[in-house]
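Notes for the structure review
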Amino acid sequence: MLSLVSGCNRCWPNTNRQVLKELRPRSDPSGIQCLTCRLIVCVMHCQGTLALICFSLQVLSGCAVIVRGQPRGGPPPERQINLSNVRAGALARRAVQGQPDTKDTPDEPWAFQAREFLRKKVIGKEVCFTVENKTPQGREYGMVYLGKDTSGENIAESLVTEGLATVRREGIRGNNPEQARLCDLEDQAKAAKKGLWSEGGGAHTIRDLKYTIENPRNFVDSLHQKPVNAIIEHVRDGCIVRALLLPDYYLVTVMLSGVKCPTFKREADGSETPEPFSAEAKFFTESRLLQRDVQIILESCPNQVILGTILHPNGNITELLLKEGFARCVDWSMAVYTQGAEKLRAAERSAKERKVRIWKDYVAPTANLDQKDRQFVAKVMQVMNADAIVVKLNSGEHKTIHLSSIRPPRLEGENKDKDKRFRPLYDIPYMFEAREFLRKKLIGKKVNVTVDYIRAATSAMETGGVPAFPERTCATVTIGGINIAEALISKGLATVIRYRQDDDQRSSLYDELLAAEARAIKNGKGLHSKKEVPIHRVADISGETQKAKQFLPFLQRAGRSEAVVEYVFSGSRLKLYMPKETCLITFLLAGIECPRGSRNMPGGMQVAEPYSEEATFFTKELVLQREVEVEVESMDKAGNFIGWLHIEGVNLSVALVENALSKVHFTAERSSYYKTLLSAEETARQRKEKLWANYEEKPKEEVAQLTEEKERVAKYRAVYVTEITDGLHFYAQDVETGTKLESLMESMRGEIAAQPPVEGSFSPRRGDFCIAKFGDGEWYRARIEKVESPAKVHVYYIDYGNREILSSTRLAALPPAFSTRTLPPQATEYAFAFIQVPQDDDARTDAVDSVVRDIQNTQCLLNVEYSGIVCPHVTLQFADSKDDVGLGLVKEGLVMVDVRKEKHLQKMVTLTGICNLCALKCTSLFPSRASDGSQFVLL
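Reference entry: report on the structure contained in this document. Only a predicted model underlies this, so the values are computations on that prediction, with no experimental measurement involved.

This part is about a positive patch on the surface. Together, Lys441, Lys445, Lys491 and Lys525 line one region of the surface with positive charge. Its location among the elements puts Lys445 in the loop between α12 (431-442) and β25 (446-455).

Take a look at the structure:
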């Protein structure tokens, strides 16, 4: 049980020690707590003196130590004990700064060895000491013993025995056995010539102590971040220490890399004001490192400040300080930390979660969010700019996500050309490259989103109340394990935002972003490149009637052109970027009538038509910022181009009609897509939804009057069949243009033979026309359909209809003289009319094999009967016998009849149906093939 007194050996004068003796029980030692200094010690009676138990903190010299008790609610007080009756050599002392009269004093012989002997004996160990004398100045002299009582090793005797200290013989009392023993031990050391008594004077024991380093950066670099043995001589605060580097005796000040502890602020009057937990942080480091043998990795030296990591056998002090809440991570030195920055962030995160010490009032940036709102998977719908995307959640809601801690490219200085309209995407250097990088990586794909923080809205003016920026959700976005922000920064297409040290709203992978930026700077990527800034001269011809007229014939001749949808104004009105032509155009979908949205008119605001928003949303979701193909047919008075837009085989006009968001416009009648549009509209009508919700079907009589058809017209022309597909389609060339193709091929091969293409010089891109070397060693015109890798390029031979996978080394650029403008592609795809392609794989294979044997590489007669979704449906006759190829397939029982409702086709359907019935009676093969539900006609 503790006894409480109003003073102790530390704060009481010697005359009051008797009070402690009176309060101390005469039996076993008991605890006494001093109310003045709060030092808790164990007190025992030892030959009329007090013996106190404590822990050794620091060895000042070979004959002086600093001790302290166990901590209770904070750092315990310290006490200096000088060893009685002995003297060790004085350690080196540096000249006082600002006093030119003082000089550096070196070690006395054997002084450092005495200090080291005593340090290794007592540092961090439990000791017991007695105080024999106290000077008026407060200096205390006594004996120090290892262990809990005075039966332990006497430190003074050990020093004298090793010849590392001398005995003060003046004033020795003869009746004191302890002093007499010291004299005997000194005589024995002299006889044995130990330490101070050895021959040579001890000059070799004097250190060449180096207080300053001329070029600290070169010194740190010369060590190559290898661990250096050292002794911690002083602790300034929790993260700054003074270390003695061994074996060269450099005395350096080291700041721990990557962290900062609360410190002691120096006031104008010279006093120091401690920050909260500064004393505790200092004590934490002192109790573990002061005068311990450690290893230090010197990592960097910015602005003459040496940064390093201290490694102790029991752990890394940097990580321990963070884990216990005594320090916080700092970005400016985190980059040089060699033991893994993620460990420091994890340790700091642990302290924050437990809210210990400096983090006691910490509130996480996402503390108010549910777990489902912190981490989720979403589909990327739009790239806003180089640091923000719009994603679609599983609930169907759209949400804008900003990439955490990155800054997109920005314009340095003012826009010089004030007469020109400023377009950030094209006028800010690297903004277009950054947007394209994100678009190609993310658009239409699912990503993992981890919300890091919510940045509050900021106001442009304090009185105006209009936010300059709305509330922003900032997150780390990954796809396939790749951090998109890190990838963007590593390519030099964005930079990392620097924060105040107390600003915790940052990316959870902030250190990785800093490292990526450092790599980009080192490699001179993007924004950090010293090369000339890329310039994008993109002509915007939207609404420019004269420019549009000049550009129209070129787009019409080009057929299908590649484009990127930059903006969606409404369901049928879009802005497109044409990469090959480097221009922006306004594009209107042909053949449909889409509901109009609200807009400002001279007479006021025009109300939006029903389902206009749904149509706009549908178009955005399907094509916004996607790569598409467009067919330009014409333009309107305002300079807007009209045509058809295709994305991954889907005609956007047809898709809008199918989803009951548009109606077929009468202008579609002259288009090859008219039948497809009518079929889609009829399907939407039958569902009676959206635009057709109130649709009522007209009487049949009216339909009959309106749907009178003309008679079938047979205009057979000679074609040459070049390829049969697995789907029972075929490709054919017009015989009339055959001589033109032969002439072109002959000229092209002659030019290639004269100037052979350089192997591997061609870079294939989807949609490009090229020449490809076929298996026969000859070059043919082709179009690239897909690029898997340089070794796997899918090509389509435009004059013959066959496809092949080739290496890019067998491809070359198509000479301009032989382009599709000189001679259009000669192979046209067709399907057989009035027949159904078998669904069964074996049956379809039999039919294909029969067609290949009969008509491939032969001349036939062809007549177009009706249009299909993919290609025209035709009847095909043998050139010599005039027998119908499709009819022959029906007779052989290889295919079934396709029922057609058009009146002008009924004769052909009837004839085919009769053959169908005959085949059914004559073969047993049909029942098994008709089991899939196929129909035939009985007339």
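What follows is about the side chain of Ser808. Considering the arrangement of structural elements, one finds Ser808 in the loop between β47 (803-806) and β48 (811-813). Assessed through its relative accessible area of 9%, Ser808 is described here as buried. Setting aside its immediate chain neighbours within four residues, Ser808 contacts Pro764, Pro790 and Val793.

A separate point is unusual backbone geometry. For residues that are not glycine, phi is negative in most cases, and the peptide bond is trans in most cases. Note that the residue after Leu246, namely Pro247, is joined by a cis bond; omega there is 5°. Its location among the elements puts Pro247 in the loop between β12 (240-245) and β13 (250-256). At Phe277, a position not held by glycine, the phi torsion is positive, near 70°. Relative to the elements of secondary structure, Phe277 occurs in the loop between β16 (272-274) and α6 (278-289). Phi is positive for Gln625, close to 60°, though the residue is something other than glycine.

So, about the packing of aromatic side chains. A complete count under the given rule lists 20 aromatic pairs for this structure. Ring centres of Tyr780 and Tyr800 lie 5.5 Å apart, and the angle between their planes is 90°; on these two criteria the pair is classed as edge-to-face. With a gap of 20 residues between them, Tyr780 in strand β45 (residues 779-789) and Tyr800 in the loop between β46 (792-796) and β47 connect regions that are remote in the sequence. For Tyr780, a relative accessible area of 13% corresponds to the buried category. Grouped by ring-pair contacts, the aromatic residues Phe774, Tyr780, Tyr797 and Tyr800 constitute a single cluster. In this structure, Lys210 is placed above the aromatic ring of Tyr250, and the distance from its NZ or CZ to the ring centre is 5.0 Å. Of note, Arg573 hangs over the ring of Phe569, and the distance from its end group to the ring centre comes to 5.7 Å.

With 17 residues, helix α20 (residues 738-754) extends 25 Å between its outermost C-alpha atoms, agreeing within 8% with the 24 Å of an ideal straight helix rising 1.5 Å per residue. Within α20, the full set of buried residues consists of Gly738, Leu741, Leu744, Met745, Met748 and Ile752. Angular distribution of buried residues about the axis of α20 spans 120°; they occupy a single face of the element. Seen from the buried face of α20, the exposed residues on the opposite side, beyond 90 degrees, are Thr739, Lys740, Glu742, Glu746, Ala753 and Ala754.

With that out of the way, let us pick up the nonpolar core. Residues Ile389, Ile401, Ile406, Leu442, Val477 and Leu488 are the most contacted members of the largest nonpolar core, which totals 47 residues. Ranked by the residues each element gives to this core, the list is headed by α12, at six residues. Beyond its immediate sequence surroundings of up to four residues, Ile401 is in contact with Phe376, Asp387, Ala388, Ile389, Val391, Val449, Thr473, Ala475 and Val477. Counting residues in hydrophobic clusters, the runner-up holds 39 residues, among them Val565, Met578, Ala590 and Leu677.

The next subject is the pairing of strand β9 (residues 140-146). On any regular strand, side chains alternate: one points to one face of the sheet, the next to the other face. Of all seven residues in β9, six are buried; the element is thus mostly enclosed. Note that strand β6 (residues 78-83) and β9 share two bridges and pair parallel. Each bridged residue has a counterpart across the sheet, and for Asn82 the counterpart in β9 is Tyr141. Pairing analysis gives seven bridges linking strand β8 (residues 126-134) to β9, with the strands arranged antiparallel. Along β9, the bridge assignment pairs Lys134 with Glu140. Counting the residues that bridge the hairpin from β8 to β9 gives five residues, and of these Gly138 lies at a positive phi of roughly 95°.

Relative to β47, β46 runs antiparallel, the two being bridged by four bridges. Bridge pairing links Val795 to Glu804 in β47. Linking β46 to β47, which pair antiparallel, is a turn of six residues; within it Gly801 sits at a positive phi near 90°.

Let's shift gears to the pattern of salt bridges. By the definition in use, this model includes 46 salt bridges. A salt bridge links Arg68 to Glu286, with the nearest nitrogen and oxygen atoms 3.6 Å apart. Here Glu286 lies in helix α6 and Arg68 lies in strand β5 (residues 64-68), a separation of 218 residues in the sequence. The salt bridge involving Arg749 is made with Glu778; its shortest N-O contact spans 3.4 Å. Taken together, the positions of Arg749 in helix α20 and Glu778 in the loop between β44 (769-773) and β45 put the pair 29 residues apart, joining distant regions of the chain. Residues joined in a network through salt bridges with shared partners are Asp331, Arg345, Glu348, Lys352, Asp504, Arg506 and Asp511.

What counts, and where the lines are drawn
- For every chain, the first residue of the written sequence is number 1, and numbering continues from 1 onward in sequence order.
- Since the coordinates come from a predicted model, pLDDT governs what is reported: local features require at least 70, and pairs of side-chain atoms require 80 or more to be given and counted, while whole-chain, interface and lining totals use all residues.
- Each side-chain value is derived from all of the structure's non-hydrogen atoms; neither hydrogens nor water enter the calculation.
- Surface patches are defined over residues having more than 30% relative accessible area and no salt bridge, joining like charges when they lie within 9 Å and nonpolar side chains (Val, Leu, Ile, Met, Phe, Trp, Tyr) when within 5 Å.
- Only the protein chains shown count as covering a residue, and every accessible area follows the Shrake-Rupley method with a 1.4 Å probe.
- Here, a salt bridge means any side-chain nitrogen of Lys or Arg that lies within 4 Å of a carboxyl oxygen of Asp or Glu.
- This count recognises Lys and Arg as positive and Asp and Glu as negative, with His and chain-terminal groups excluded.
- One atom stands in for each charge, and that atom is NZ of Lys, CZ of Arg, CG of Asp or CD of Glu.
- Every helix listed is a DSSP run of H or I at least four residues long, and every strand listed is a run of E at least two residues long, numbered separately from the N terminus.
- Partly exposed residues are those whose accessible area sits between 20% and 50% of the maximum for their type, while under 20% is buried and over 50% is exposed, using a 1.4 Å probe and protein chains only.
- Whether two residues are in contact is decided by their heavy atoms: any pair within 4.5 Å suffices.
- Any pair of Phe, Tyr and Trp rings, taking the six-membered ring for Trp, is counted once the centres come within 6.5 Å. Such a pair is stacked with planes under 30 degrees apart, edge-to-face with planes over 60 apart, and tilted for the rest.
- Only lysine NZ and arginine CZ atoms are considered, and such an atom sits over a ring when it is within 6 Å of the ring centre and within 35 degrees of the ring normal.
- Multiplying 1.5 Å by the residue count of a helix minus one yields the expected span of that helix.
- Arc definition: directions from the helix axis to the C-beta atoms.
- Buried Ala, Val, Leu, Ile, Met, Phe, Trp, Tyr and Cys residues form a nonpolar core when they are joined through side-chain atoms within 4.5 Å.
- Note on pairing: two strands pair once DSSP finds at least 2 bridges between them.

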